[in-house]
Amino acid sequence: MQYSSFDNDSRVLPHEAWLSHALGLAPAATQPNASAPLATAVMRGCGLAAEAAEGYWFMLQPTHVQISRTHLLLSDLRGVQLSEADSRGLYELARPYFEELGYTLLHGAPGLWFMRADDWTDMCVASPDATTTQSMSDWLPEGTHARAFRKLQNEVQMLWHEHPINQARQARGLQPVNSCWLWGGAGPAAPQGRLAVAGGTPWMAALASPELRQPDAAQLIAQPGLAMLGDLIAPAQVGDWADWLARMQRIEQDWLAPLLAALKDGRIDSLQLVLSHRDGWTTADCSRAALRKFWRKPSLDSLLKQP
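Only a predicted model underlies this, so the values are computations on that prediction, with no experimental measurement involved.

Draft legend 1. Region of interest: the sheet that holds strand β1 (residues 2-5). Reading across the sheet, the three strands line up as β1-β11-β10 and stay open at both edges, with antiparallel pairing between neighbours. Edge positions in the open sheet fall to β1 and β10 (270-277), since each of these has one partner strand only. With direction set aside, neighbouring strand axes in the sheet form an average angle of 15°. Taken together, the eight bridges between β10 and strand β11 (residues 280-287) define a ladder with antiparallel strand orientation. Across the sheet, residue Leu271 finds its bridge partner in β11, namely Cys286. Against the sheet, helix α1 (residues 14-22) makes contact with β10 and β11, and its axis sits at roughly 140° relative to β10, the strand it touches most.

Draft legend 2. Seen up close, unusual backbone geometry. Look at Gln81: it is not a glycine, yet its phi comes out positive at around 50°. Exposure remark for Gln81: the relative accessible area of 53% places this residue in the exposed category. Of note, the phi angle at Glu162 is positive, near 55°, even though the residue is not glycine. Locating Glu162 in the fold gives a position in the loop between α6 (146-160) and α7 (164-171).

Draft legend 3. Region of interest: the layout of surface pockets. Space inside the second largest pocket adds up to approximately 340 Å³. Taken together, 21 residues form the lining of the second largest pocket, with Arg11, Ala34, Ser35, Cys124 and Val125 sitting closest to its centre. With three residues, strand β7 (residues 179-186) is the largest single contributor of residues to the lining of the second largest pocket. For the lining of the second largest pocket, the class distribution of residues is twelve nonpolar, six polar and three charged.

Thresholds, definitions, all that
- Residues numbered from 1 in each chain as written.
- Predicted model: local features only at pLDDT ≥ 70, side-chain atom pairs only at ≥ 80, totals over all residues.
- Heavy atoms only, no water.
- Pairing = 2+ DSSP bridges.
- Helix = DSSP H or I, 4+ residues; strand = E, 2+ residues; numbered from the N terminus.
- Axes fitted to C-alpha atoms, helices over the stretch in contact; angles between N-to-C directions.
- Contact = heavy atoms within 4.5 Å.
- Buried < 20%, exposed > 50% of the residue type's maximum accessible area, 1.4 Å probe, protein only.
- 1 Å grid on protein atoms, 1.4 Å probe; cavity = no way out; pocket = protein on both sides within 12 Å on 5 of 7 lines; lining within 4 Å.
- Points joined across faces, edges and corners; volume = space filled by probe spheres on them.
- Nonpolar A, V, L, I, M, F, W, Y, C, P; charged D, E, K, R; others polar.

Written out as structure tokens, the structure is:
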């Protein structure tokens, strides 16, 4: 078992940097200034492979920003609950303004858009999940063209302010969509290998191999590969530990128990688990031979000693 620490000030979370590296899109996640250049890989999963093959793209996601007396707070994008109709409507409002300034804006999925800006390769951006629990002002894009993006962002905010789409959302008890978030800047590199995704966000689902977007443990056992189990992220973001434990129990039942059984009976030879939180991740390797080491007493000491 090995623990890897992660800079708490990083603009992406450990699982985002690790996933980018595992897909061959970024350097090792342990390097300083870890990044998550995921935009073009996500575009491919949204059916935009031809567009992703050239240029430099970002994910642009509509969101709700809470305004207090002292700071701005980016809401968790999972709570926006943007329908296809609302997403398309807001997109069509914003797209002409982007095109007028020479930037291509594409709709990939509800709440998941893509912006091409070939001259913004130096832009330092933060993922929504890294930003959500922090003061938003500290996580705004930085770089030569940061002011240009903020101008775009302000224009979008004015376009959407008190628009009928938002008025209808508020009447239904939903948050108004009053801003947008830029992140995941990437060139045309394609992801490597196969990835199964269970739970998580739409951008994670788009990274999955087409046949592995609603996977189960049996598929992974039959054809071993990389799997991302994202169900624990949402409750961890808001500190809902009762929900976190309930989801953990489902992961134990649906994934860990079948994988352990497959390891014991020889259907798979080895298993590696990567368990992450904001400050780092723990990698645990297990083989069928290791299960026969009866003299090793089970212990949580290695976890309790982590910083």
